[in-house]
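Descriptive analysis of the structure
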Amino acid sequence: MMKNELGIGEAAKTLFALANNGAEAEPRKARRQLAGATSMKTKSLLARSGVYLCASVTLGILLFMLGYILAKGIPYLEPSLFALEYTSENCSVTPALVNTLLMTILALLIACPLGIGSAIYLAEYSKKKNRFVRIVRLTTETLTGIPSIIYGLFGMLLFVGFLHWGYSILAGSCTVAIMILPVIMRTTEEALYSVPDSLREGSYGLGAGKLRTVFRIVLPGAIPGILGGIILAIGRVVGETAALIYTSGTVAQIPGGLFESGRTLAVHMYVLSSEGLHTGQAFATSVVLLLMVSGINLLAGIAARKIGK
């Protein structure tokens, strides 16, 4: 009888100890969860603060640059700066502005059909694991990373020398068209991939063919992304200097034809600043360049919103 009572007592003690351990384990688990949640909140707060700090620094640098350029260039924005002819006394930006617009339009007329057409083939018609497609994508990415001075030397050897075009607007336009072709091609391809497959399947289900689906369904949905790539291409054309010095030349006059030399706004600004005689006019040219790029971006954004509707 005593043995049974001792066994029952030991069992009761064991159960009581297990209950106490379980009761103590729950608060420890809760404390660990609370500590983990606090640690996650701290890490999230630090990460958010770091992101805000980086964004603020980037915005501050941009505002400082814009403020510095505007403060230096606005005082030199005089009516004489926009005269039709460039002289040694008057560093007019009008010839460079006309050359920039002309070269940008020509480069886009060459690069946009090739880039958009190639992207449509890669995204809509080619097989996903085709070796030719992989080679084209690798080549496009390689061309994107080539320095502009290499394009300038290539354009000088091919267009200026081999084809005997000389330093001309056409040679510069073809050179920058080759430069912006990978940008337009890659952004268009990504924009086409962003269109949901359900739209394509719905079009096929209604009896539309491949060509009609691409041009009536896929391309309109990808227009904002395509315009984004074109804006990037325009920015590169407008801001290019090294490649154009070797191909289009530095003549500060409005060309009478495509085979005549002419400088763009970026080249004009580079020449003025390197001479050191008209630094104020160089800053004024940069202000004009900023206004031009901002206007193009604004018009492209408005066009993208209207087309999207």
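Residues numbered from 1 in each chain as written. Predicted model: local features only at pLDDT ≥ 70, side-chain atom pairs only at ≥ 80, totals over all residues. Heavy atoms only, no water.

So, on to the overall build of the chain. Across its full length, the chain carries ten helices and zero strands. The secondary structure elements of the chain, listed N-terminal to C-terminal, are α-α-α-α-α-α-α-α-α-α. With 309 residues in all, the chain has 34% of them scored as buried. Counting every atom, the chain has about 18300 Å² of accessible surface; 70% of that belongs to carbon and sulfur. (Helix = DSSP H or I, 4+ residues; strand = E, 2+ residues; numbered from the N terminus. Buried < 20%, exposed > 50% of the residue type's maximum accessible area, 1.4 Å probe, protein only. Areas by Shrake-Rupley, 256 points an atom, 1.4 Å probe, with all protein chains shown as cover.)

What follows deals with the side chain of Ser261. Mapped onto the fold, Ser261 is located in the loop between helix H8 (242-247) and helix H9 (265-275). Within polar-contact distance, the side chain of Ser261 engages the backbone oxygen of Ser248 at 2.6 Å. Non-local contacts of Ser261, meaning those with residues more than four positions away in its chain, are made with Tyr167, Ser168, Ser248, Gly249, Thr250, Val251, Gln253 and Pro255. (Polar contact = N/O pair within 3.5 Å; in protein donor to acceptor, adjacent residues only side chain to side chain. Contact = heavy atoms within 4.5 Å.)

Going through the model one piece at a time under the given rule, you end up with five aromatic pairs. Ring geometry for Phe159 against Trp165: centres 5.3 Å apart, planes inclined by 15°, an arrangement best described as stacked. Since its relative accessible area comes to 8%, Phe159 is described here as buried. The exposure class of Trp165 is partly exposed, given its relative accessible area of 23%. By way of ring pairs, the aromatic residues Phe154, Phe159, Trp165 and Phe259 are connected into one cluster. When the ring centre of Tyr86 is taken as reference, the NZ or CZ atom of Arg263 above it lies at 5.5 Å. (Phe/Tyr/Trp six-rings, centres within 6.5 Å; stacked < 30°, edge-to-face > 60°. Lys NZ or Arg CZ within 6 Å of the ring centre and 35° of its normal.)

The interhelical angle for the contact between helix H4 (residues 148-162) and helix H5 (residues 169-193), taken along N-to-C directions, is 135°, at an axis separation of 9 Å. The pairing of H4 with H5 is recorded here as oblique in orientation. Remark: the crossing between H4 and H5 carries right-handed chirality. Packed against H4, whose contacting residues are Ser148, Tyr151, Gly152, Phe154, Gly155, Phe159 and Val160, the element H5 presents Ala171, Cys174, Thr175, Ile178 and Met179 at the interface. For the contact of H4 with H5, the residue count by class is eight nonpolar, four polar and no charged. (Axes fitted to C-alpha atoms, helices over the stretch in contact; angles between N-to-C directions. Parallel < 35°, antiparallel > 145°, perpendicular 65-115°, else oblique. Left-handed = near helix turned anticlockwise from the far one by under 90°. Nonpolar A, V, L, I, M, F, W, Y, C, P; charged D, E, K, R; others polar.)

Turning to the nonpolar core, a few remarks are in order. Among the nonpolar cores identified, the biggest contains 42 residues, and Val176, Ile180, Leu192, Ile230 and Leu265 are the most heavily contacted of them. Elements with a contribution of two residues or more to this core: helix H2 (94-125), H5, helix H7 (210-239), H8, H9 and helix H10 (279-308). Ranked by residues supplied to this core, first place goes to H7 with eleven residues. Ignoring anything within four residues of it in the chain, the contact list for Ile180 reads Ala107, Leu108, Ala111, Ala233, Arg236 and Val237. (Core = buried A, V, L, I, M, F, W, Y, C linked by side-chain atoms within 4.5 Å.)

A few words now on the pattern of salt bridges. For the structure shown, the criterion picks out six salt bridges. Across the salt bridge formed by Glu190 and Arg186, the nearest N and O atoms sit 3.6 Å from each other. One end of the pair is Glu190 and the other is Arg186, both in helix H5 and four residues apart, which spans about a single turn. The exposure class of Arg186 is partly exposed, given its relative accessible area of 21%. (Salt bridge = Lys/Arg side-chain N within 4 Å of Asp/Glu carboxyl O.)

With that out of the way, let us pick up a nonpolar patch on the surface. Together, Leu59, Leu62, Leu63, Leu66, Leu70, Ile74, Leu77, Phe82 and Leu290 make up an exposed nonpolar region whose accessible area comes to about 730 Å². A per-element tally of the nonpolar patch places helix H1 (residues 2-73) first, with five residues. Among the secondary structure elements, Leu59 is positioned in helix H1. When its relative accessible area of 48% is taken as the criterion, Leu59 is described as partly exposed. (Patch = residues over 30% accessible without salt bridge, like charges linked within 9 Å, V, L, I, M, F, W, Y side chains within 5 Å.)

Its location among the elements puts Met185 in helix H5. Taking relative accessible area as the criterion, Met185 reaches 8% and is therefore assigned buried. For the pair Met185 and Gly117, spaced 68 residues apart in sequence, the C-alpha separation works out to 8.2 Å. Leave out the neighbours within four places in its chain, and Met185 touches Gly115, Ser118, Ala119, Leu122, Val136 and Thr140.

Moving on, we come to the environment of Ser173. Here Ser173 falls in the buried class, since its relative accessible area comes to 0%. For Ser173 and Leu244, which are 71 residues apart along the polypeptide, the C-alpha to C-alpha distance reads 8.5 Å.

Quick look at the packing of helix H3 (residues 131-144) against H5 now. Closest axis-to-axis distance for the H3/H5 pair is 9 Å, and the angle between their directions is 130°. In terms of axis orientation, H3 runs oblique to H5. Where H3 crosses over H5, the handedness of that crossing is left-handed. Within the contact between the two elements, H3 uses Val136, Arg137, Thr140, Glu141, Leu143 and Thr144 and H5 uses Pro182, Met185, Arg186, Glu189 and Tyr193. In the contact of H3 with H5, the residues fall into five nonpolar, two polar and four charged.

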